[in-house]
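Chains, contacts and geometry: an overview
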Amino acid sequence: MGNAVKELREHLAEIHDIGKAIGVLGWDQQTYMPARGGPHRAEQISTLSRLAHAKFTSDRTATLLDAAEPEVASLPEEHDDRCLVRIVRRDYDRARKLPEAFVAAWARDRVLSNQVWRQARPANDFAAFRPHLEKMVDYARRAADFYGYEDHPYDALLEGYEPGMRTADVRRIFDAIRPEQVALVRAIVERPEPRTDFLHRDYSVEAQAGFGLRIAQDYGYDLTRGRLDTSPHPFATSFGRDDVRITSRYDRNGLSEGLFAILHETGHALYEMNTAASLGRTPLARGCSMVFHESSSRMWENVVGRSRPLWEHYFPQLRQTFPDALGDVTVEEFYRAINKVQPSLIRVVADEVTYNLHIMLRFDLELELVTDKMRAADLPEAWAAGMRSYLGITPPDDRDGVMQDSHWSSGSFGYFPTYALGNVLSAQIYQTALAARPEIPSEIREGRFQTLREWLVDNVYRHGRKFLPHELVQRVTGRPLEPQPYLLYLKAKYSQIYGL
């Protein structure tokens, strides 16, 4: 390692540490912070965000990059240092476009907004939340203007979650999968519904968490390097590859939400726990992008977690855990129930076939908001109309309508499309893994996940952010992101379940 790269790494490590301190404060805000602690936490996160931004966008960073670039120019393209300098230069050029005062104010107000959402959602009080939502929309519009864009302001926001992806790319993929998924839904609703009554019996919350954590540990989630807590909206967060935490939420009269949220967040955690140690305390020490992150979480939640082989192994154990609730249920009935296709109000519990329609609705609304074609005040009505159009149902209230997700309360505009794109990528990556290691399904039937996990580590996880998303998709699968493997996966699975 040359002297310039060494100095750059030392400089970035301090910025990384500030960022992780912000992360700890954010985790605590969502899990254990007292209800009235929001204003204090907002100022703390604002201060640290301003300091991290100022240090990263300083002339010192530019000087170090200028010195490091010729030093790494002759290194192989895959070398950690060459990748680090390339990605940090890209991050630096983008971050410099945001004024320091704007970053601090945005960080403070998103904490306050999220705190109001936490109280307004259970109270079904959109009026209380609306002024904060209006602020978050305004911040998103201003951020897009600061960043700049060529074709659409949403491009500037999407870049923060999926570098290189553009609004037109999202539309192209959504236009390809929408008619296929709608046609599949229409075919399925003509078939007899599977039995699901047993999913809504009495399930101890503690036992739900314990059983979900058992599968998470079998997946590879290491409790000496992580923990499971409860939060209003499930999430995963990493403070380093040896401290990766997950949360879930539970319904005592509903088994699926808490259990599959644990499996979803475990997919995120496995990514963070398995980035290469050599990338530690650098901007490369996390997942490549949110589409890649969601491909991991949705794979472990759905492709693996809702598969017949997995439940052939775990269902007898689940029935022993909940004998009163599941004593009259077979593994086949359980498998069909957890894969039942039915338009629903809540995104996080939506089935695989209708899930992307929830995302498309949010994508449509975000485009309207960012381009100032819709006001935040009009969202409840627009949401209800969109739900009727996409899913044929109308939310009874704002709690389970426009306020159901935490993302907008935290200003995360541009995030939602990555869930659907992650679904698409999960099938493409899993298809590639099966071609390389065809024994994976039989091992899953035995409750063994090491082969799949190690393949993902070798091909995806260990690289962190060394490559841009489109580069890593090509490296892993040999082709660009494409919807065909995902559509084939859905049709094969649900044709078998529903006898299509």
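See the structure above.
Quick caveat: nothing in here was measured; it's all calculated off a predicted structure. (Residues numbered from 1 in each chain as written. Predicted model: local features only at pLDDT ≥ 70, side-chain atom pairs only at ≥ 80, totals over all residues. Heavy atoms only, no water.)

So, about the overall build of the protein. Within the protein one finds 21 helices and three strands. For 500 residues, the compact-globule estimate of 2.2 N^0.38 gives 23 Å, and the C-alpha radius of gyration of the protein, at 22 Å, lies within 12% of that figure. Expressed along its principal axes, the backbone C-alpha trace of the protein runs to roughly 70 × 50 × 45 Å. Within the protein, the proportion of its 500 residues that are buried is 57%. Of the accessible surface of the protein, which amounts to about 19900 Å², a share of 49% is contributed by carbon and sulfur atoms. Taking the average location of the 63 positive side-chain charges in the protein and that of its 70 negative ones, the two points are 1 Å from each other. (Helix = DSSP H or I, 4+ residues; strand = E, 2+ residues; numbered from the N terminus. Rg over C-alpha atoms; globule rule 2.2 N^0.38 Å. Buried < 20%, exposed > 50% of the residue type's maximum accessible area, 1.4 Å probe, protein only. Areas by Shrake-Rupley, 256 points an atom, 1.4 Å probe, with all protein chains shown as cover. Lys, Arg positive; Asp, Glu negative; His and termini not counted. Charge placed at Lys NZ, Arg CZ, Asp CG, Glu CD.)

What follows covers helix H9 (residues 205-219). Taking 1.5 Å of rise per residue, 15 residues should cover 21 Å, and H9 covers 21 Å from first to last C-alpha, within 8% of that figure. Among all positions of H9, only Gln208, Ala209, Phe211, Gly212, Leu213, Ile215, Ala216 and Tyr219 are buried. Looking at the packing, one finds that the buried side of H9 touches strand E1 (228-230), helix H10 (256-273), helix H11 (290-304), helix H12 (308-321) and helix H19 (450-459). Remark: Gly220 follows H9 within two positions and exhibits a positive phi of approximately 130°. (Expected span 1.5 Å × (residues − 1). Contact = heavy atoms within 4.5 Å.)

The strand order E1-E3-E2 describes an open sheet built from three strands, whose pairing is mixed. Taken across any chain shown, the strands that pair with only one partner, and hence form the sheet edges, are E1 and strand E2 (236-238). Going across the sheet, the axis of each strand differs from the next one's by a mean of 25°, ignoring polarity. In terms of strand pairing, E1 meets strand E3 (residues 244-248) through three bridges, oriented parallel. Directly across from Leu228, in E3, lies its bridge partner Ile246. With respect to the sheet, helix H1 (residues 3-31) is in contact with E1, E2 and E3, its orientation differing from that of E1 by roughly 50°. (Pairing = 2+ DSSP bridges. Axes fitted to C-alpha atoms, helices over the stretch in contact; angles between N-to-C directions.)

Turning our attention to the pairing of E3. Of all five residues making up E3, five are buried, and the element is well covered by its neighbours. A two-sided burial pattern is seen for E3, the buried positions comprising Val244, Ile246 and Ser248 on one face and Arg245 and Thr247 on the other. Sheet analysis places E2 next to E3, joined by three bridges and oriented antiparallel. Note that in E3 the partner of Ala236 across the bridge is Ile246. Where E2 hands over to E3, the hairpin turn is made up of five residues, of which Gly240 adopts a positive phi near 145°.

With that settled, the discussion passes to the environment of Arg171. Along the chain, Arg171 turns up in helix H8 (residues 167-188). Overall, the relative accessible area of 40% leaves Arg171 in the partly exposed class. Arg171 sits 58 residues away from Asp229 along the chain, and the two C-alpha atoms are 36 Å apart.

We now examine the side chain of Ser296. Along the chain, Ser296 falls in helix H11. Judged by its relative accessible area of 3%, Ser296 falls in the buried class. Polar contacts involving the side chain of Ser296 include one to the side chain of Tyr461, which spans 2.8 Å. Once you skip the residues sitting within four places of it in the chain, Ser296 turns out to touch Gly267, Tyr271 and Tyr461. (Polar contact = N/O pair within 3.5 Å; in protein donor to acceptor, adjacent residues only side chain to side chain.)

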